[in-house]
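These are the residues of each chain, in order.
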Amino acid sequence: MHYEDFYRRSIDERDAFWAEQAGAIDWETPPQVICDDSRPPFARWFVGGRTNLCHNAVDRHLAERAGQNALIHVSSETGQERVYSYAELHAEVVRCAAVLESLGVGLGDRVLIYMPMVPEAVFAMLACVRLGAIHSVVFGGFASTSLASRIDDAKPSVVVAADAGSRAGKVLPYKPLLDEAIRLARHAPRHVVLVDRGLAPAPRVDGRDLDYAALCEAQAGKDVPCVWVDATHPSYTLYTSGTTGRPKGVQRDTGGYAVALAASMRHIFCGQAGETFFSTSDIGWVVGHSYIVYGPLLAGMATILYEGLPIRPDPGIWWQLVERYRVTAMFSAPTAVRVLKKQDPSFLTRHDLSSLRALFLAGEPLDEPTARWIGDALGKPVVDNYWQTETGWPVLTLARGLDPRPGKPGSPGVPMYGYDVKLLHEVTGEELTEPHQKGVLAIAGPLPPGCMQTVWGDDARFVDTYWRSFPGRLAYNTFDWGIRDEDGYFFILGRTDDVINVAGHRLGTREIEECIAGHPAVAEVAVVGVADTLKGQAAMAFAVLRDAAAAADAAGRQRLEADLQQHVDARLGAVARPAAVTFVTALPKTRSGKLLRRAIQALCEGRDPGDLTTIEDPSTLRQIQDALAAR
Ligand code: AMP
């Protein structure tokens, strides 16, 4: 079947299409209603069906592939390498589920996972869904304030954490950040389960903190069956940034997610059971959820969980793993490729990469030179794919299993089956159907299976944030600009809101601003994302001090800049640290007091700041220009 027909059917005969895809997973009770969209924009997929994500990712494979590799953990930080077969993974997950169950975790309870890239993090995720509990993984690079707001939102009964992570050989203790977060949070988790890697001292709070290894020992031999849950039962929440300082808990279901991922492994990533998938992301991000953990395991593949940098111990480390484990599909981000591009290219040719069929890249715009460089160096297809935490799986790409069309430079591709993608006029909401018209990328509801169900605990926020942008039209707003060419290929032109993308990590400028504004020396601050050749974008802060004299000389400015960077590090995490802080005496605003972030961003990128008829005080821009020139 041609992809065009496959796609059309997914839209025109939606329920029949997804009923077929649902056959890719096991159901305890098959669904009765494929899509209940009687209460738009909410969509309930596979209603009446009962299933379990852990059963489909792990238990189901025991009959045929118990001895086959399931989880391959490699840490170039600690030198550890451990391969778990499906039988071993099953045993570990059951043990972890027994531990959580012994602590009272059951159906619908939340478990927050704050872990580096260690196998126990995957065991904990799978153990949660085994029990029908809802996991909420928080990226290990986030610090106490970020963590505290997520604890308060998710209200976990248990937190699973580790003593420390490690980056570039430097131990990053997690426990003090977690302790501080729990101190800051209003909600108190009953227990903290601590995986002790022996990397950093992690003093335990009596009664609250428990040692994972000891708990496992106490539960040895206990069987914990999978709890069948409704297809619509939440499997997890994952926090992502938006335009407010408050992160949104993206809530995902169980059945729809399992079906969507299983289908994507088949049609988009072309992964076969018995093969090895290597996604270089982190379990703290959506790519980690979908394509380190659930997608590959649902497909009966082995998945690599890699802790470390792409260039340590040398820039050949990833390719060495491709060779050693006969990786067939690899998934990474453009930033990582740009890092590799700066290294000796011979590292790419030292290893046997014959098993590799394609490299998938996502998370940020893929620029042509980067795509061309890695494509030529590997001699393999490089497949861009566009999606978001909210969607859970690709919205735009080329479905390699069905679509032989070549990619176009700079374009992630065409709409994936199930996504009724539109370009809408940002003000009128009118559909733009001519080629090369710039509009907001939107998706007509209902969203396909696997996408967010709602914002955790806040249906109104889900509707208001995503579905009310276009007058007279209930369409999901991606907050990305796009155009479509005459062949139907889409091009993404950046965000329409104040979300920035640093090294593939999505950050809200408001969150960083609120954090910096919390520093006693700061009166006001603006944070913008500025084009960066390595990371795509870098965060730049412009601060107005309470006492301007503090930044009167270069030494004072330097000291304050370092202090503010450290302030962000400690509260939000190093990922959010602004690359530079520039001090000014006033920020450019409209007469109604709205911060002109886009004008600041344009100046930072050496562009024309655009229409400034609404600016209150034009001298504020000159000041920024002068300060930038003086840096
Ligand atoms: P996240 O939710 O962290 O995955 O970030 C999603 C955002 O990253 C999207 O809304 C886009 O702005 C950007 N993005 C992700 N993938 C791509 C891509 N392939 N090309 C361009 N932008 C992308």
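Here the structure is a predicted model, which is why all the values come from computation and not from measurement.

Quick notes on the rules
Residues numbered from 1 in each chain as written. Predicted model: local features only at pLDDT ≥ 70, side-chain atom pairs only at ≥ 80, totals over all residues. Heavy atoms only, no water. Helix = DSSP H or I, 4+ residues; strand = E, 2+ residues; numbered from the N terminus. Rg over C-alpha atoms; globule rule 2.2 N^0.38 Å. Buried < 20%, exposed > 50% of the residue type's maximum accessible area, 1.4 Å probe, protein only. Contact = heavy atoms within 4.5 Å. Areas by Shrake-Rupley, 256 points an atom, 1.4 Å probe, with all protein chains shown as cover. Lys, Arg positive; Asp, Glu negative; His and termini not counted. Charge placed at Lys NZ, Arg CZ, Asp CG, Glu CD. Phe/Tyr/Trp six-rings, centres within 6.5 Å; stacked < 30°, edge-to-face > 60°. Pairing = 2+ DSSP bridges. Near = heavy atom within 4 Å. Polar contact = N/O pair within 3.5 Å; in protein donor to acceptor, adjacent residues only side chain to side chain. Nonpolar A, V, L, I, M, F, W, Y, C, P; charged D, E, K, R; others polar. Right-handed = clockwise from strand over helix to strand, strands pointing away. Salt bridge = Lys/Arg side-chain N within 4 Å of Asp/Glu carboxyl O. 1 Å grid on protein atoms, 1.4 Å probe; cavity = no way out; pocket = protein on both sides within 12 Å on 5 of 7 lines; lining within 4 Å. Points joined across faces, edges and corners; volume = space filled by probe spheres on them. UniProt positions renumbered as here; feature names shortened; annotations may be inferred. Core = buried A, V, L, I, M, F, W, Y, C linked by side-chain atoms within 4.5 Å. Axes fitted to C-alpha atoms, helices over the stretch in contact; angles between N-to-C directions.

A. Main features of the overall build of the protein chain. Secondary structure summary: the protein chain contains 19 helices and 32 strands in total. Against the compact-globule benchmark of 25 Å for 631 residues, the protein chain has a radius of gyration of 24 Å, which places it among compact chains. A total of 631 residues make up the protein chain; the buried ones form 61% of that total. In the protein chain, of all internal contacts separated by at least 6 residues, the share reaching a separation of at least 24 is 70%. Carbon together with sulfur atoms contributes 50% to the accessible area of the protein chain, which is approximately 23600 Å² in total. For the protein chain, the centre of its 64 positive side-chain charges and the centre of its 76 negative side-chain charges are spaced 2 Å apart.

B. The arrangement of the packing of aromatic side chains in detail. The tally for this structure, following the rule as stated, stands at 37 aromatic pairs. Both rings, one in Phe277 and one in Tyr291, keep their centres 6.4 Å apart while their planes meet at 40 degrees; by these two values the pair is tilted. Here Tyr291 lies in helix α11 (residues 286-298) and Phe277 lies in strand β16 (residues 276-279), a separation of 14 residues in the sequence. Note on accessibility: Phe277 and Tyr291 belong to one class, buried. An angle of 70 degrees between the planes, with centres 6.0 Å apart, marks the rings of Phe462 and Trp467 as edge-to-face. Comparing Phe462 with Trp467 shows no difference in burial state: the two are buried.

C. View of the sheet that holds strand β25 (residues 454-455). Read from one edge of the open sheet, eight strands run β12-β11-β8-β6-β7-β14-β15-β25, paired in mixed fashion. This sheet does not close on itself; its edge strands, each paired only once, are β12 (209-211) and β25. The pairing of strand β7 (residues 134-137) with strand β14 (residues 236-240) spans two bridges and is parallel. In the sheet register, Ser136 faces β14, and the bridge partner there is Thr237.

D. Quick peek at the site of the ligand. Of all residues adjacent to the ligand, which total 14 residues, the nearest are Asp384, Thr389, Asp480, Arg495 and Arg506. Asp384 has a polar side-chain atom sitting 2.8 Å from a nitrogen atom of the ligand. For the ligand, the accessible surface in isolation is 500 Å², of which the surrounding protein chains cover 93%. Within the residue set of the shell around the ligand, elements represented by two or more residues are β20 (382-385) and β27 (490-495). Tallied by class, the residues present in the shell around the ligand amount to four nonpolar, five polar and five charged.

E. Structural context of the pairing of β16. Burial of β16 is two-sided: the residues Thr276 and Phe278 facing one way and the residues Phe277 and Ser279 facing the other way are all buried. Note on the crossover from β16 through α11 to strand β17 (residues 302-307): the handedness is right-handed. For β16 and strand β18 (residues 327-332), the ladder comprises four bridges, and the chain directions are parallel. Bridge pairing links Ser279 to Phe331 in β18.

F. Representation of the pattern of salt bridges in the model. Counted according to the given criterion, the structure contains 44 salt bridges. Note that Arg9 is salt-bridged to Glu20, the shortest N-O span being 2.9 Å. Here Glu20 lies in helix α2 (residues 14-21) and Arg9 lies in helix α1 (residues 3-12), a separation of 11 residues in the sequence. One salt bridge connects Asp344 with Arg350, and the closest N-O pair in it is separated by 3.9 Å. Among the charged side chains, a network of salt bridges with common partners joins Asp498, Arg510, Glu513, Glu514, Arg597 and Arg598.

G. Representation of empty space enclosed by the protein in the model. For the structure on display, the rule yields five cavities of 30 Å³ or more. Considering only enclosed or pocket space, the largest cavity measures out at about 120 Å³ in volume. What lines the largest cavity is a set of 15 residues, and nearest its centre among them are Ala43, Trp45, Cys451, Met452 and Gln453. It is strand β2 (residues 42-47) that provides the largest number of residues to the lining of the largest cavity, a total of four residues.

H. Representation of the environment of Arg484. Mapped onto the elements of the fold, Arg484 is located in strand β26 (residues 475-484). The spatial distance from the C-alpha of Arg484 to the C-alpha of Gly79 is 46 Å, given a sequence separation of 405 residues. Those residues in contact with Arg484 that lie beyond four places of it in its chain are Val421, Leu423, Leu432, Thr433, Pro435, His436, Tyr489 and Phe490. In terms of polar contacts, Arg484 uses its side chain to reach the backbone carbonyl oxygen of Leu432, at 2.9 Å.

I. Summary view of the UniProt feature "domain: AMP-binding enzyme C-terminal" (unreviewed entry) in the protein chain. Within this structure's numbering, the places UniProt gives as "domain: AMP-binding enzyme C-terminal" (unreviewed entry) are residues 511-594. Secondary structure content for residues 511-594 is 30% helix and 31% strand, and the end C-alpha separation is 16 Å.

J. How the structure looks around the nonpolar core. With 125 residues, the main nonpolar core has Trp18, Leu89, Leu126, Tyr291, Tyr294, Trp393 and Tyr417 as its most contacted residues. Counting 40 residues, the second largest nonpolar core, distinct from the first, contains Phe139, Val502, Val522 and Ala541.

K. Layout of the sheet that holds β27. Here four strands make up an open sheet; going across it, the order is β23-β24-β26-β27 and the pairing antiparallel. Of all strands in the sheet, those with a lone pairing partner are β23 (420-424) and β27, marking the two edges. Across the sheet, the mean angle separating the axes of adjacent strands is 45 degrees when strand polarity is ignored.

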